[in-house]
Amino acid sequence: MEKKNYIVAIDLGSHNVTAAAAVRGANGKMVIEAVVREKSEGVSSGAIDNIELAVKSLKTAVDKLQEELNIKVFEAYFGISGEFIRCASHNDWVAVGDYANGVSQSDVDELYARMEKVSAPSDDEVILERIPQNFVVDGNKEVPNAVGAFGKSLSSTFNFILSLRTPIQRLTNAALKLGIKPLAIHINPLVTAETLLETDEKEEGITVVDMGSDVTDLTIYYNNVVRYVASIPIGSNAINNDIRSLSIPEKWVEKMKVKYGNAVAANVNEEAGISYNTAKGKKVILQCNLAAAIEARVRDIADLVIEEIKCAGYDRKLPYGIVLTGGGANLEGIADAFTKHTGIDTRIGVPDMVVDEESTEMVDGPEYATIVGLLWNALQGGTYCMVDQRPQPAQPAQPSQPAPPTVAPTQPAPPRYTPPVSPAPAPTPAPTPAPQPAPQTAKPQTINERYGAQQQTVAQPTQQVVEPKDDTTTIVDESKENDDNGKPTKRGSGLFEGIKRFGRKATEFLEKMDSNNNDDDIL
């Protein structure tokens, strides 16, 4: 079996857990080997609140992935997002070592080293990413490339992505309980955007909105740099709760939203009705009422997105608009609703840019953007996951036609040889007819002594394997009429039983003739 260098990624969300494995393709793109998506439990707003339920959900998805690829996973990359993710900026500077020859790479490295020493503002938080926003020489001149620029000082503002320690620790513990070591835990908003955006879009300005179940993540790109990251604590579950408030049974909410829902009420027929069953019988709801409830909640989410964009200072600075992705982006008309309520062009993003054509069908929906982003980010790093690639199981033999005989067609195969059973010659006394042939049994030793030279015997087996009707195997001792407790033993083959009965009758007849004639020459 060919050994493959696998990248394995796991995204534990509030509603679904997704596990996937990929390898690097010949064209540099990524080949998705398998994707498993299952319902998750024990997670709320991106953080684990019940580790036993979370581990059970992880195990279900990972087991199916391992079974599909016939591997055992020991390492994986994980993603995380939630309202506990936030941004913070920090500015620092260094003196240029040789300002006559401009800024050198060592000056830039020194500035990065100073940023690495910056700690989180509190012990409850951890810094996950440090992203430089710009480079400025002499405090007033921003330069796109620091190396080679002239100046006496070099400064920069770094964007720090922070997270609370507790959600990170809980996710790590859940993975370790499953026997999987997290190679890294990435911020979902950062890795998702990399699989959806072209270079020009990141350069000119664009926002990626990932609508999950409980959380909506937002990432802003400008001048090819991540400028802002935020997590809004509301998602598509809020839409489901609004539909539930219309007296729709919970079991029908998601199906009704996906099949009949629309984020723009004006796009549906006002007279169309949707029937559904309840415990009290069939009920009907107008499709326009369903769409009105959905549109109202989508408008709230869009308003929160616009508020974050304004807070970051990029209102009216995003010519490429909004890319909407995540499971919530599957809702009919949601892109039009965002365009209508934000005034910004919105499109649906599918992560097919970095995936090889042979496997794009496996991740052809916006709900796979995060898992593809985790895989792609790990693949770019070049560190593969440790997996045990088991041998492929032997395929069951397919029924086929029997092979043609090796002998010529005109020469039939000889019959199967069966050892003959030769009966002993029957004695022929003059006054009476000759008895039937009598094989020797275990008891008549006197006959064997008298006629052993001329009588052929049938070998009497002491044990015989009998296959009862209950498919069990029983060993029967044929040399006993009764067992050790005095009960009759099970009989063996009908052939040997008949031989024994016939042998006893023949023996009695011969002994009777012997007592009458005392003739030792009977043949």
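Residues numbered from 1 in each chain as written. Predicted model: local features only at pLDDT ≥ 70, side-chain atom pairs only at ≥ 80, totals over all residues. Heavy atoms only, no water.

1. Considerations on the packing of aromatic side chains
Taken as a whole and assessed by the stated rule, the structure comprises two aromatic pairs. Geometrically, the ring pair formed by Y112 and F158 is edge-to-face, given 5.3 Å between the ring centres and 80 degrees between the ring planes. With Y112 in helix 2 (residues 105-116) and F158 in strand 11 (residues 153-164), this residue pair connects regions lying 46 residues apart in the sequence. Given a relative accessible area of 1%, F158 falls into the buried group. Both rings, one in Y222 and one in Y314, keep their centres 5.4 Å apart while their planes meet at 55 degrees; by these two values the pair is tilted. Of the two residues, Y222 is situated in strand 14 (residues 216-222) and Y314 in the loop between helix 8 (287-312) and strand 18 (322-325); the sequence distance between them amounts to 92 residues. We classify Y314 as buried; its relative accessible area is 14%. One cation-aromatic arrangement involves K317 over Y314; the distance from NZ or CZ to the ring centre is 5.8 Å. (Phe/Tyr/Trp six-rings, centres within 6.5 Å; stacked < 30°, edge-to-face > 60°. Helix = DSSP H or I, 4+ residues; strand = E, 2+ residues; numbered from the N terminus. Buried < 20%, exposed > 50% of the residue type's maximum accessible area, 1.4 Å probe, protein only. Lys NZ or Arg CZ within 6 Å of the ring centre and 35° of its normal.)

2. Structural notes on the confidence of the model for the protein chain
Confidence in the prediction for the protein chain averages 81 pLDDT; 74% of positions are at 70 or higher. Averaged pLDDT values over the elements of the protein chain bottom out at 34 in strand 22 (residues 474-477) and peak at 97 in strand 18. In the predicted structure, residues 404-426 sits below a pLDDT of 50 and forms 17 contacts with residues beyond four places in sequence or in another chain. Across residues 438-483, confidence stays below pLDDT 50; counting only partners more than four residues off in sequence or on other chains, it has 82 contacts. (pLDDT = per-residue confidence, 0-100. Contact = heavy atoms within 4.5 Å.)

3. Regarding the sheet that holds strand 15 (residues 225-232)
Ordered in space as 15-14-13-18-19, the five strands form an open sheet in which the pairing is mixed. Each having just a single partner strand, strand 15 and strand 19 (346-348) make up the two edges of the open sheet. For this sheet the average axis-to-axis angle between neighbouring strands, irrespective of direction, equals 20 degrees. In this sheet, strand 19 lies alongside strand 18 in parallel orientation, the contact comprising three bridges. Each residue of the ladder has a partner; that of L324, found in strand 19, is I348. (Pairing = 2+ DSSP bridges. Axes fitted to C-alpha atoms, helices over the stretch in contact; angles between N-to-C directions.)

4. Looking at the side chain of N188
One can find N188 in helix 4 (residues 188-194). A relative accessible area of 5% means that N188 is categorised as buried. Of note is the side chain of N188, whose polar atom sits 3.4 Å from the side chain of D11. Apart from the residues lying within four places of it in its own chain, the contact partners of N188 are D11, G79, I80, S81, D217, T370 and L374. (Polar contact = N/O pair within 3.5 Å; in protein donor to acceptor, adjacent residues only side chain to side chain.)

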